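In case you want the letters, here they are:
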Amino acid sequence: MATVFSKEIAALVHHVELGKAGWWEKSIRQLVVAGLWLASAPLSTKEISAYLESSTGTLLGRDKLDRAIDALVGEGTLIRTGPEKHGLCQKAISEMNEHIKEAEQLEQRVYG
């Protein structure tokens, strides 16, 4: 006999499984990269935090943002450009430019 779970239990399990997959941390890292790409200049951690808050309405704790920045530095996406300043490496800039170009081409095909 199958067990039927309430919507609330199903939502909780879904949330827990997404948390295990690290989707939130990955999203934060992607937002950091997007913010630095849009700025076209190195930003301090405080400036990155302000960008995330103004563009997404999300106020992150310093520890979460520091972990995201450290992960991006560790993988080579970000480079430290000075005390508390971080910028995108050239490869990350090129990848973002390519993603934007692909998105614009898709938009052109869809909307003409």
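All values reported here derive from a predicted model rather than from experimental measurement.

Rules behind the numbers
- Residues numbered from 1 in each chain as written.
- Predicted model: local features only at pLDDT ≥ 70, side-chain atom pairs only at ≥ 80, totals over all residues.
- Heavy atoms only, no water.
- pLDDT = per-residue confidence, 0-100.
- Helix = DSSP H or I, 4+ residues; strand = E, 2+ residues; numbered from the N terminus.
- Phe/Tyr/Trp six-rings, centres within 6.5 Å; stacked < 30°, edge-to-face > 60°.
- Buried < 20%, exposed > 50% of the residue type's maximum accessible area, 1.4 Å probe, protein only.
- Expected span 1.5 Å × (residues − 1).
- Arc of directions from axis to C-beta.
- Contact = heavy atoms within 4.5 Å.
- Axes fitted to C-alpha atoms, helices over the stretch in contact; angles between N-to-C directions.
- Parallel < 35°, antiparallel > 145°, perpendicular 65-115°, else oblique.
- Nonpolar A, V, L, I, M, F, W, Y, C, P; charged D, E, K, R; others polar.
- Salt bridge = Lys/Arg side-chain N within 4 Å of Asp/Glu carboxyl O.

Chemist: Where do I start with the confidence of the model for the protein in this structure?
Modeler: Chain-level pLDDT for the protein is 87 on average; 90% of the residues reach the 70-or-more range. Per-element confidence in the protein ranges from a low mean pLDDT of 70 for helix H1 (residues 7-21) to a high of 96 for strand S3 (residues 85-88).

Chemist: Could you clarify how one ought to interpret the packing of aromatic side chains in this entry?
Modeler: For any pair of aromatic rings, the description rests on two quantities: the centre-to-centre distance and the angle between the ring planes. Under the defined criterion, the tally for this structure stands at one aromatic pair. For the ring pair Trp23 and Trp24, a centre distance of 5.6 Å and an interplane angle of 65° mean the geometry is edge-to-face. A relative accessible area of 36% places Trp23 in the partly exposed class.

Chemist: How should helix H4 (residues 62-74) be read in this particular structure?
Modeler: Along its 13 residues, H4 runs 18 Å from first to last C-alpha, staying within 8% of the 18 Å computed at 1.5 Å per residue. Taken as a whole, H4 has its buried residues at Leu65, Ala68, Ile69 and Leu72. The buried residues of H4 occupy an angular sector of 95° when the element is viewed end-on, so they sit on one face. Where H4 is buried, its residues contact helix H2 (23-39), helix H3 (45-56), strand S2 (78-82) and S3. Positive phi shows up at Gly76, right after H4, with a value of about 90°.

Chemist: Just checking my understanding: could you explain the packing of H2 against H3 for this structure?
Modeler: Helices that pack against each other are described as a pair by the angle of their axes relative to one another and the distance between those axes. Orientation of H2 relative to H3, taken along the N-to-C sense of each, is 100°, at an axis distance of 10 Å. One finds that H2 runs roughly perpendicular with respect to H3. On H3, the residues touching Leu31, Val32, Ala34, Gly35, Leu36 and Leu38 of H2 are Ile48, Tyr51, Leu52 and Thr56. Considered class by class, the residues forming the contact of H2 with H3 number eight nonpolar, two polar and no charged.

Chemist: Quick question: what am I supposed to make of the pattern of salt bridges here?
Modeler: Between side chains of opposite charge, a pair can form when the charged atoms approach closely. Applying the stated criterion across every chain, the model contains six salt bridges. Arg62 is paired through a salt bridge with Asp66; the nearest N and O atoms lie 3.0 Å apart. Residue Arg62 and its partner Asp66 are located together in helix H4, separated by four residues, close to a single helical turn. Exposure remark for Arg62: the relative accessible area of 45% places this residue in the partly exposed category. For Asp66, a relative accessible area of 26% gives the class partly exposed. For Asp63, the salt bridge identified is with Arg67, shortest N-O distance 3.5 Å. With a gap of four residues between them, Asp63 and Arg67 both fall in helix H4, about one helical turn apart. The class of Asp63 is partly exposed, set by a relative accessible area of 46%.

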